[in-house]
Amino acid sequence: MTAQQRGIARCTTCGKLSRITTASQAQSWYCTRCAAPLSFRQPHSLQRSWAYTLAAAFLMIPANILPILTVISFGKGDPDTIMSGVVKLWQADLQAIAAIVFIASIAVPVIKLMIIIILILAVQLHLPLSKQQCTVLYRFIHFIGRWSMLDLFMISILVTLVHLGNIATVESGPAATAFAAVVVLTLFAANSFDPRLLWDLDND
């Protein structure tokens, strides 16, 4: 038996459990501790998650085909996309940095979007996934999400530190803005998904 079946709702702001009687479910209820709205499930959770996920997937295109960084040394320099930057780092015997950039810039956003889509489809289409499997996937996207801004952090440090006048400069490209938007939108998509929807799945 779930908390919803017992008439118990958890405040998403402070975590306080409150009982909502069957006769009063049509009314608006608020937490007695923080006055936040109470509900058994977040309204329109899946719709908001879909909107943020699709927007992030669309912005992945300019984030990967437009230049993200240009290193100008002695007046010369070519813009690099994320993937061309990874290849150049690898060819320069900087395999560890190339692997970090690839994981943070390409692997993590793609994996995060795929898992969010799987979770949404598991709720909407009842995919053959158990509650435990979906819960592991949900916790995983929150774990890897904290590393999504790693490469933007590296770019901001480079742009700030490597500014040596006519000798060398580093300029960020339009893909950096698109990639930052992807990271923020995937965070919104993950936070908009109500994990309590997983409790309503039929598979154990």
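Calculation rules
Residues numbered from 1 in each chain as written. Predicted model: local features only at pLDDT ≥ 70, side-chain atom pairs only at ≥ 80, totals over all residues. Heavy atoms only, no water. Salt bridge = Lys/Arg side-chain N within 4 Å of Asp/Glu carboxyl O. Buried < 20%, exposed > 50% of the residue type's maximum accessible area, 1.4 Å probe, protein only. Phe/Tyr/Trp six-rings, centres within 6.5 Å; stacked < 30°, edge-to-face > 60°. Helix = DSSP H or I, 4+ residues; strand = E, 2+ residues; numbered from the N terminus. Contact = heavy atoms within 4.5 Å. Axes fitted to C-alpha atoms, helices over the stretch in contact; angles between N-to-C directions. Parallel < 35°, antiparallel > 145°, perpendicular 65-115°, else oblique. Left-handed = near helix turned anticlockwise from the far one by under 90°. Nonpolar A, V, L, I, M, F, W, Y, C, P; charged D, E, K, R; others polar. 1 Å grid on protein atoms, 1.4 Å probe; cavity = no way out; pocket = protein on both sides within 12 Å on 5 of 7 lines; lining within 4 Å. Points joined across faces, edges and corners; volume = space filled by probe spheres on them.

Caption draft 1: Geometry of the pattern of salt bridges. Enumeration according to the criterion identifies two salt bridges in this entry. Of the charged contacts in the structure, one is a salt bridge between K88 and D80, with a shortest N-O distance of 3.0 Å. Classification of K88 as partly exposed rests on a relative accessible area of 42%. Owing to a relative accessible area of 15%, D80 belongs among the buried residues under this scheme.

Caption draft 2: Broad picture of the packing of aromatic side chains. Tallying each qualifying case throughout the model produces two aromatic pairs. Between Y52 and F188 the ring centres are 5.4 Å apart and the planes differ by 55°, which places this aromatic pair in the tilted class. Pair noted here: Y52 is in helix 1 (residues 45-65) and F188 is in helix 6 (residues 174-192), with a separation of 136 residues, a long-range link. F188 sits in the partly exposed class, given a relative accessible area of 42%.

Caption draft 3: Region of the structure containing the environment of Y30. Relative to the helices and strands, Y30 resides in strand 3 (residues 29-30). Note on Y30: relative accessible area 48%, which makes it partly exposed. Not counting residues up to four positions away in its chain, the partners in contact with Y30 are A35, A36, P37 and L38.

Caption draft 4: Just the packing of helix 2 (residues 82-91) against helix 3 (residues 95-124), in detail. Viewed as axis vectors pointing N to C, helix 2 and helix 3 meet at an angle of 165°, and their least axial separation amounts to 8 Å. One way to sum up the angle between helix 2 and helix 3 is to call them roughly antiparallel. When the axes of helix 2 and helix 3 are compared, the crossing they make is left-handed. Mapping the contact onto sequence places I82, M83, V86, L89 and W90 in helix 2 and Q95, I97, A98, V101, F102, S105 and I106 in helix 3. Of the residues contributing to the contact of helix 2 with helix 3, the split by class is 10 nonpolar, two polar and no charged.

Caption draft 5: Representation of unusual backbone geometry. Positive phi values are uncommon outside glycine, yet A35 reaches one of about 65°. Mapped onto the secondary structure, A35 falls in the loop between strand 3 and strand 4 (37-38). The exposure class assigned to A35 is exposed, which follows from its relative accessible area of 53%. The phi torsion at H44 lies on the positive side, around 55°, for a residue other than glycine. Given the relative accessible area of 54%, H44 is considered exposed.

Caption draft 6: Representation of the layout of surface pockets. The volume enclosed by the second largest pocket comes to roughly 240 Å³. In terms of lining, the second largest pocket is formed by R10, T12, Q42, T135, Y138, R139, D194, P195, R196, L198 and W199. The greatest single-element share of the lining of the second largest pocket, amounting to three residues, is contributed by helix 4 (residues 131-145).

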